[in-house]
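The chain contents come next:
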Amino acid sequence: MKADIAIRARGLTRRFGAVVAVDHVSLEVPRARVYGFLGPNGSGKSTAIRLLCGLLTPTAGEVEVLGLQLPRQAEALKRRIGYMTQRFSLFDDLTVRENLEFVATVQGLSRQAVPLRVTELLQDYQLEAVIGQLAGTLSGGQRQRLALAAAVVHRPELLLLDEPTSAVDPESRRAFWERLFDLADAGTTLLISTHYMDEAERCHRLAILASGRLVADGAPAEMAAALDGRVFRVLAEDARQAHGVLQSLPGVLSVAQIGRELRVLMAAPDGTLEALPENTLLRLEFALRAAKLAATLQQASPNLEDVFVDCTQTSRRVA
């Protein structure tokens, strides 16, 4: 494995009976970067993360993590990774300090190193004011910071996070992401699953999963730029009626309403990345005029939500 690659998977597959949760996924995760998994519920994000850290054995395919072959060397990998789930997995009836001390001991820190490391984490994750408070009484943001502190108590080279911000407010989410980038800057590789578009846009690189398959992989900005010319803004007096007219047109992949504005995503011709016909905008305008609907239309800059819809809708049509 190249020194700059933390994870490499080839043909990674996991079946549960007749259900294929992860379907021949191949990817590479660069070191010291935030790599995201984006996908709807049931897309295979959580299963893929468990496969990539050795918690699940693949039905087929190869996985190499930090130079170790999985599942054969999964035991050797345990002390080199950290794992944070969407559910709070620490002990509600222990204090903040007691939780960190317990996890530090389990992770193999020496008796002399535990208090120093715990004190450092309490400071770094702003938990000093709640040292003696039971974990079960903490706020959502405090519990999240405690869980992250526990996940990195042993300074893992790789940190895996499974939808870790699903139960916290937007301000806590923003602060949480600042800490993730601090970890990446210090050399930690982070693999994070999310269903929030704003979080996915923060990742250095992003994989989109649909029905267990990898349908896109790349830098978020580059993935969005690939849709240039396929997204249109429509400002209509009767947005709901305009929505129905546009959604029924051939070649329209999706129509999303945002207030009075509609966002129209066109499918690539014949499922390719070819440019749309030059008269696409005129065709949309004509359909609205024919329905006697007043509206103004213009091209719009694609965003990650457009990429997500394009990938998942196209994947469903192909399947």
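Here, the structure is the one placed above.
Calculation criteria
- Residues numbered from 1 in each chain as written.
- Predicted model: local features only at pLDDT ≥ 70, side-chain atom pairs only at ≥ 80, totals over all residues.
- Heavy atoms only, no water.
- Helix = DSSP H or I, 4+ residues; strand = E, 2+ residues; numbered from the N terminus.
- Phe/Tyr/Trp six-rings, centres within 6.5 Å; stacked < 30°, edge-to-face > 60°.
- Buried < 20%, exposed > 50% of the residue type's maximum accessible area, 1.4 Å probe, protein only.
- Lys NZ or Arg CZ within 6 Å of the ring centre and 35° of its normal.
- Pairing = 2+ DSSP bridges.
- Axes fitted to C-alpha atoms, helices over the stretch in contact; angles between N-to-C directions.
- Contact = heavy atoms within 4.5 Å.
- Patch = residues over 30% accessible without salt bridge, like charges linked within 9 Å, V, L, I, M, F, W, Y side chains within 5 Å.
- Areas by Shrake-Rupley, 256 points an atom, 1.4 Å probe, with all protein chains shown as cover.
- Salt bridge = Lys/Arg side-chain N within 4 Å of Asp/Glu carboxyl O.
- Lys, Arg positive; Asp, Glu negative; His and termini not counted.
- Charge placed at Lys NZ, Arg CZ, Asp CG, Glu CD.

Caption draft 1: Spotlight on unusual backbone geometry. Each neighbour pair has its own omega, and for Leu70 with Pro71 the value is 5°, a cis peptide bond. Along the chain, Pro71 turns up in the loop between strand E5 (68-70) and helix H2 (74-77). In this structure, Arg155 is a non-glycine residue whose phi angle is positive, near 55°. Here Arg155 is to be found in the loop between helix H5 (140-151) and strand E7 (158-162).

Caption draft 2: The arrangement of the packing of aromatic side chains in detail. Tallied over the entire structure, the rule returns three aromatic pairs. For the pair Tyr35 and Phe37, a centre-to-centre distance of 6.0 Å together with 85° between the ring planes defines the contact as edge-to-face. As far as burial versus exposure is concerned, Tyr35 and Phe37 are alike and both buried. Measuring from ring centre to ring centre gives 5.9 Å for Trp177 and Phe181, while their planes differ by 50°; the resulting arrangement is tilted. Here Trp177 pairs with Phe181, and both are found in helix H6 (residues 170-185), just four residues apart, close to one helical turn. An identical accessibility class is assigned to Trp177 and Phe181; each is buried. If you follow Arg173 out to its NZ or CZ, it ends over the ring of Tyr196, 3.9 Å from the centre.

Caption draft 3: The sheet that holds strand E13 (residues 261-266), seen in detail. Read across the open sheet, the four strands follow the order E12-E13-E11-E14; overall the sheet is antiparallel. A strand with exactly one partner marks an edge of an open sheet, and here the two such strands are strand E12 (252-258) and strand E14 (295-299). Going from strand to strand, the sheet's axes swing by 20° on average, the running direction of each strand aside. Pairing of E12 with E13, which is carried by six bridges, proceeds in the antiparallel orientation. Residue Val252 lies in a different strand from E13, and its bridge partner there is Met266. Helix-sheet contacts for helix H9 (residues 239-247) involve strand E11 (231-236), E12 and E13, and the interaxial angle to E12 is about 170°. Most of the contacts of helix H10 (residues 280-290) go to E14, to which it runs at about 165°, and overall it touches E11, E12, E13 and E14.

Caption draft 4: Structural context of the pairing of strand E10 (residues 213-218). The pairing of strand E9 (residues 205-210) with E10 spans five bridges and is antiparallel. Paired with Ala210 across the two strands is Arg213, which belongs to E10. Between E9 and E10, which pair antiparallel one after the other, the connecting turn spans two residues, and Ser211 there sits at a positive phi close to 55°.

Caption draft 5: Structural detail: a negative patch on the surface. Residues Asp124, Glu178, Asp182 and Asp185 make up a contiguous surface patch of negative charge. It is H6 that contributes the most residues to the negative patch, three residues altogether. Using a relative accessible area of 47% as the deciding quantity, one classes Glu178 as partly exposed.

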